[in-house]
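Each chain is listed here by its residues.
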Amino acid sequence: MRKNALFYLCLIYYLVAALLVPGFFSANNSWSLIFNLLPLLIAAIGQMYVILTGGIDLSATAIMATSSVVGGYIMSSDYGLNIPLSPLVLVVGVAAMLAIGMLIGLINGLSVSILGMPAFMVTLATMIFFNGLAVWITGSQNIYNLPEAFNNLFYTSVLWLPIPIWIGAIVLLLGFFILNKTVLGQWIYAVGMNGKTARVSGIHVGATTVFAYVFSGFCVSMAAILYTSRLETASPVMGQNILLDIIGAVIIGGSSLYGGKGKIHMTTLGAVFIILLDNSLNLMGLSYFMIMIIKGAVIVSAVLLNEWKQKSTV
Amino acid sequence: MFLEIQRVTKNFGDVSVLKDINLALKKGTILGLVGENGAGKSTLMNILGGIHQPSSGKIIFEDKSFTPTSPSDSLRAGISLVHQELNLFYNLSINENLHITGFPHKKVGGLSILDQKTARIKTERLLSAVGLDIDPTAIVGDLSSAQKQLVEIAKALSTSPRLIIFDEPKTSLTKYEADNLFRLIQELKSQQTTIIYISHNLDDVIQLGDQISVLRDGVLVNTYNREDKIGTSQLINDMIGRELNHFYPIRNTKPEEETIFQTNGIYAKGLLNDITFELKKKEVLGLYGLVGAGRSEMVRALYGLDALDGGSISWKNEEVLHPTPANWVRKKVALLTEDRGEDGLLPDDTMEKNIALASLPTYSKNPGSIVNWRELKKNILKTVQATKIKYHSLTDQSVKLLSGGNQQKVILSKWLLTEPELLIIDEPTRGIDIGAKYDIYDLINKLVENGMSVLMVSSEIEELIGMCDRILVMKQGTISNEFKKQDFNRSAILEAALHTSE
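Residues numbered from 1 in each chain as written. Chains lettered and ligands numbered in written order. Predicted model: local features only at pLDDT ≥ 70, side-chain atom pairs only at ≥ 80, totals over all residues.

Attention now moves to the overall build of chain A. Within chain A one finds 13 helices and 2 strands. Taking 2.2 N^0.38 as the reference for a compact globule, 314 residues should give roughly 20 Å; the C-alpha atoms of chain A span a radius of gyration of 19 Å, in line with that estimate. Taking the principal axes of its C-alpha atoms as reference, chain A extends roughly 60 × 50 × 40 Å. For chain A, the proportion of its 314 residues judged to be buried stands at 50%. (Helix = DSSP H or I, 4+ residues; strand = E, 2+ residues; numbered from the N terminus. Rg over C-alpha atoms; globule rule 2.2 N^0.38 Å. Buried ≥ 20, exposed ≤ 12 C-beta atoms within 10 Å, placed from the backbone.)

Strand pairing in a sheet takes place through backbone hydrogen bonds and is either antiparallel or parallel in direction. All names here are of chain B. In spatial order, the strands read 2-1-4-5; together these 4 strands make up an open sheet with antiparallel pairing. In the strand order of this sheet, the two ends are held by strand 2 (15-25) and strand 5 (64-65), each with one partner. Where strand 4 (residues 56-61) and strand 5 come together, 2 bridges link them in antiparallel fashion. When the bridges of strand 5 are listed, Phe61 appears paired with Lys64. Those strands touched by helix 1 (residues 41-48) are strand 1 (3-12) and strand 2, and its axis lies near 65 degrees from that of strand 2. (Pairing = 2+ DSSP bridges. Contact = placed C-beta atoms within 7 Å. Axes fitted to C-alpha atoms, helices over the stretch in contact; angles between N-to-C directions.)

What follows covers the packing of helix 13 (residues 373-387) of chain B against helix 14 (residues 404-416) of chain B. Residues and elements named next belong to chain B. Look at helix 13 against helix 14: their axes get within 9 Å of each other, and the N-to-C directions meet at 130 degrees. It follows from the interaxial angle that helix 13 and helix 14 lie oblique. As helix 13 packs across helix 14, the resulting crossing turns out to be right-handed. Contacts between helix 13 and helix 14 involve Thr383, Val384, Ala386 and Thr387 from the former and Lys409, Leu412, Ser413 and Leu416 from the latter. Classifying every residue of the contact of helix 13 with helix 14 by side-chain character gives 4 nonpolar, 3 polar and 1 charged. (Parallel < 35°, antiparallel > 145°, perpendicular 65-115°, else oblique. Left-handed = near helix turned anticlockwise from the far one by under 90°. Nonpolar A, V, L, I, M, F, W, Y, C, P; charged D, E, K, R; others polar.)

Let us look at the sheet that holds strand 19 (residues 422-426) of chain B. Residues and elements named next belong to chain B. Read across the sheet, 6 strands follow the order 18-19-20-15-21-22 without closing on themselves; strand pairing throughout is mixed. What marks the edges here is a single partner per strand, and that holds for strand 18 (333-336) and strand 22 (478-484). In this sheet, neighbouring strand axes are inclined to one another by 15 degrees on average, regardless of whether the strands run parallel or antiparallel. As defined by bridge partners, strand 19 adjoins strand 20 (residues 453-458) across 5 bridges and the pair is classed as parallel. Bridged to Asp426 within strand 20 is Val457.

All names here are of chain B. Parsing chain B into structural domains produces domain 1 (3-240), domain 2 (258-332 + 420-434 + 452-502) and domain 3 (341-419). A C-alpha centroid distance of 32 Å is found between domain 1 and domain 2. Contact with domain 1, which involves 13 residues of that partner, is made by 13 residues of domain 2. Counting residues per element, the side of domain 1 that touches domain 2 draws most heavily on helix 8 (residues 232-240), at 4 residues. Along the lines of polarity and charge, the residues of the side of domain 1 that touches domain 2 split into 5 nonpolar, 6 polar and 2 charged. (Domains from an automatic or database assignment.)

Before going further, it helps to examine the packing of helix 3 (residues 60-75) of chain A against helix 10 (residues 205-231) of chain A. Residues and elements named next belong to chain A. Interaxial distance between helix 3 and helix 10 falls to 8 Å at its minimum, and their mutual angle equals 55 degrees. Relative to helix 10, the element helix 3 is oriented oblique. In terms of crossing hand, the pair formed by helix 3 and helix 10 is right-handed. Contacts between helix 3 and helix 10 pair Ala60, Ile63, Met64, Ser67, Ser68, Gly71 and Gly72 from the former with Ser216, Gly217, Val220, Ser221, Ala223, Ala224, Tyr227 and Thr228 from the latter. Tallied by class, the residues present in the contact of helix 3 with helix 10 amount to 7 nonpolar, 8 polar and no charged.

Now the structure itself:
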């Protein structure tokens, strides 16, 4: 029962909201739920990798903004790259978005593992740096006129389902596969559980840590692709308010902030819960700030609950 | 009587480290306390220091029952400890360290502020008492280790204690400073301060002690008075005591001629000096030394866990240029470290995950590909049967809930699964029960018979004599003696480890 508590919580919340919140249980809102969930879920999976190693990635949303802006510059017809063939510009743009995210992840990972700096400090610094950079190079302007095909990502279906759902499913499966089936996944858990034991046991602790940050960068850029497409705009302030949602999804999913403990399906439920909360409170007409207060309280409760669980199992 | 310890027993879990200790001490006398590593000296002192509480028995201090529950209780009662490991704040000055528990205050306009002048005067007085001529504002981290030790002693004096306990106080002192320390101890004694002096240096203990007590395996085996005029050999006999019984299983093979592991002039600044030795195939090589001799430091450095500043290591006649744990695991060399919780276990994880940890790459093509758990689980099960672990579930029980002996077997299983050709094992049986001990010895013998070599680090001489083909003795970061099997002799080995050249 305790294992499935979050699942039932989501289910009950969904049912209650469906009954009580006008407009919640509709086709329109259901799509909106799914489309809001996908980027958050993808980013949370990346974040979870980092948290599993005992770190944290505060730069997630800064990566999102930088990646969005880079993609915008490459793909927008307002700017100079002028790659003639539309499919090629898409490929280059998307590849560049992923590459910049992974590059920032690499900087984070190397600073933490090789320079031995605290993850909190490193990613706080890269967060501030790349947030600033994104705003500075764009002069705080959004970038419009992205390719039609890119903007239509959410309205293009492959095998009966919109492309973003496939992207979400692939990242989810990839995240699950690496963590549960490969050596690397076992190493990630071990590094977070007890880095010293991992080292003595011949594990490449540094490389494992770097991988987690690069993977987080990859996931966050994936999320940036979805957001940018949905907004049809590349924005230098993209995702500024969802950092807590990303980390919150992982924590509500029961991952330990000390590392070594956490499951993909639980993080998925954590993301679902945050989206349900966000969406229903919105429909109830609560102000943005009120919603922030409630979400903050929920996440703090989840941290408390985790701490309590940790202590009771010792 | 000034201090009376009556029937004090201390258990840590199932292991009893002090058994029924009785000890009485007159005011203004010096008690010398000796015993092997792990005999219980430090535990006894920690009880007086309020760090541990006795499981049973009582202590009478100055005619009152004494039951400290924290170090500050003991300090207030008038007992000071000079610890073997220094308890100083390296980032603070000498002055601040000496007043860390209570800086003098003064009132300025109704506001209570630190009284720097009074503090400084007191610090200067304490420093001159220990013979340390140095500026009180010097940062402790910048001092030499001898100076730090003297600051630690000054700190113990700062509360004007009536009982001072010294635990190996002169390990890093020079001859001159040590003489100074002894003068100070005599002076304290003449001022009616009572002193307990713990040391491995038996000559010092005999020179200082009005009374000398010997601990062995948590039991107080003998107490002598100055009038008994006993010598070091008597003390060594008491420390070792029991006969070596037939507890150790017989191994049916002898070391082969082939050298598989060799070090040449290993050097690490301040820790290890010119360590050269070789290890044969199917040999069990023992490494003995007292606490602080550098045993664990050496094996950790060899395995690439701590830095080496020079020297070379070769494995199967090839120089190992990058000794890192990952490379050693690949070469089938395993290290079982001394501290299970620190870097041996994933305490919150299951037995299966713990045991699989070092072998994962062997069961997949590369780190990114799928682990062959079916094969892995099969072999884990085999290993667990060989190590005779008692457990409920491989996949549903975190290893921190296992007993010490079973935890050690889990780590051993982890390494056996890698099929090592050399097993370096640091304190193989520390803190584990007798049954598990035997299982581990027996298993090591079987593995050696099948071709493995072992480097066994231990602070128990008996264990080494019972298991090894050859024993090296380390002292002050270097190998000082080598004993062949036919020359194994407990007193000789202990003496080799104790004796200081100064």
